[in-house]
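# Coordinate inspection notes
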Amino acid sequence: YGLDLYGRPALPELAAAICGLENVRMLRLLYVYADAISDELIDLMADEPKIARYLDMPIQHVSAAILRRMNRRDSEQNLRELIAGLRERLPGLVLRSTVMVGFPGEKAEDQEQLLRFLADIRFDRLGCFIFSPEEGTAAYELEPKVDPQTAQARYDAVMQLQQKVSLDANRARIGSKVDVSLESIADNGIVYIGRS
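Residues numbered from 1 in each chain as written. Predicted model: local features only at pLDDT ≥ 70, side-chain atom pairs only at ≥ 80, totals over all residues. Heavy atoms only, no water.

A few words on the packing of helix 5 (residues 108-121) against helix 6 (residues 148-172). As a packed pair, helix 5 and helix 6 sit with axes 10 Å apart at the nearest point and diverge in direction by 10 degrees. Taken together, helix 5 and helix 6 sit at an angle that is classed as roughly parallel. For the pair helix 5 and helix 6, contact is made by A108, Q111, L114, L115, L118 and A119 and by R154, A157, V158 and L161, respectively. Per-class residue counts for the contact of helix 5 with helix 6 are eight nonpolar, one polar and one charged. (Axes fitted to C-alpha atoms, helices over the stretch in contact; angles between N-to-C directions. Helix = DSSP H or I, 4+ residues; strand = E, 2+ residues; numbered from the N terminus. Parallel < 35°, antiparallel > 145°, perpendicular 65-115°, else oblique. Contact = heavy atoms within 4.5 Å. Nonpolar A, V, L, I, M, F, W, Y, C, P; charged D, E, K, R; others polar.)

A cluster of nonpolar side chains, V178, V180, L182, I185 and Y192, forms an exposed patch at the surface whose accessible area comes to about 490 Å². Note that V180 resides in the loop between helix 6 and strand 5 (181-185). Take V180: its relative accessible area is 44%, and that puts it in the partly exposed class. (Patch = residues over 30% accessible without salt bridge, like charges linked within 9 Å, V, L, I, M, F, W, Y side chains within 5 Å. Areas by Shrake-Rupley, 256 points an atom, 1.4 Å probe, with all protein chains shown as cover. Salt bridge = Lys/Arg side-chain N within 4 Å of Asp/Glu carboxyl O. Buried < 20%, exposed > 50% of the residue type's maximum accessible area, 1.4 Å probe, protein only.)

At a minimum axis distance of 9 Å, the contact between helix 1 (residues 11-19) and helix 2 (residues 39-47) shows a crossing angle of 20 degrees. The orientation of helix 1 relative to helix 2 falls into the category roughly parallel. For the pair helix 1 and helix 2, contact is made by L11, P12, E13, A15 and A16 and by E40, L41 and L44, respectively. Considering only residue class, the contact of helix 1 with helix 2 consists of six nonpolar, no polar and two charged.

This part is about the pattern of salt bridges. Enumeration according to the criterion identifies nine salt bridges in this entry. Here D56 makes a salt bridge to R96, at a shortest N to O gap of 3.7 Å. Of this pair, D56 sits in strand 2 (residues 51-56) while R96 sits in strand 3 (residues 94-101), placing them 40 residues apart in sequence. A salt bridge links K145 to E143; its shortest N-O distance comes to 3.9 Å. On the basis of relative accessibility, which here comes to 39%, the residue K145 falls in the partly exposed class.

Across its 14 residues, helix 4 (residues 76-89) extends 20 Å between first and last C-alpha, which sits within 8% of the 20 Å expected from 1.5 Å per residue. On its buried face, helix 4 sits against helix 2, strand 2, strand 3 and helix 5. (Expected span 1.5 Å × (residues − 1).)

This next bit is on the sheet that holds strand 4 (residues 125-130). Reading across the sheet, the four strands line up as 1-2-3-4 and stay open at both edges, with parallel pairing between neighbours. Each end of this open sheet is capped by a strand with a single partner; those strands are strand 1 (27-29) and strand 4. Neighbour to neighbour, the strand axes of the sheet diverge by 15 degrees on average, direction disregarded. This element, helix 2, spans strand 1 and strand 2 of the sheet and lies at about 140 degrees to strand 2. (Pairing = 2+ DSSP bridges.)

A few words on the packing of aromatic side chains. Across all of its chains, the model carries three aromatic pairs by this definition. Measuring from ring centre to ring centre gives 5.5 Å for Y31 and Y33, while their planes differ by 75 degrees; the resulting arrangement is edge-to-face. On the basis of relative accessibility, which here comes to 45%, the residue Y31 falls in the partly exposed class. Taking 5.1 Å as the distance between ring centres and 75 degrees as the angle between the ring planes, the aromatic pair formed by F103 and F131 counts as edge-to-face. Within this pair, whereas F103 is found in the loop between strand 3 and helix 5, its partner F131 is found in the loop between strand 4 and helix 6, the two being separated by 28 residues in sequence. Using a relative accessible area of 4% as the deciding quantity, one classes F103 as buried. (Phe/Tyr/Trp six-rings, centres within 6.5 Å; stacked < 30°, edge-to-face > 60°.)

Pasting the structure below:
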């Protein structure tokens, strides 16, 4: 296989090899950073029926100042262009992402920029978490810290926005039929939990 910058198998080659396995029915791509999404990967997702039209792409933030402090190479403009291209090439794609609030140095305008982006992009699924300093990480010593109440309010704002986005998406699905993969069955054997 081809190798990525870190000497690991490149994602398109690895995904294609996995899809070539007879017993693999479906492959979902999880936690794929935006800078790892190449035209080759998009082509493979478009052409390979075993790859689910689902992509988990954690963006963390869109503020240039915060992304720089996180040592991330993304930009809001690049993310917008990438997402537009993904949706154009992969109709029906379900996009999931994760964002972080309360990162040291995050200001109100950074949060507002993130909320505008999320309102525009409308991720199908979104997780959010509040920065938590972990000893031994580069971010542990960063200043200024965001007040815990402010970080919680920012988290709440992101999740309230996403609840509205999710409600709209779920309402649009009423009456549709979709294939699901069963993940579990309740103890009573009556309720099945599946993933579309």
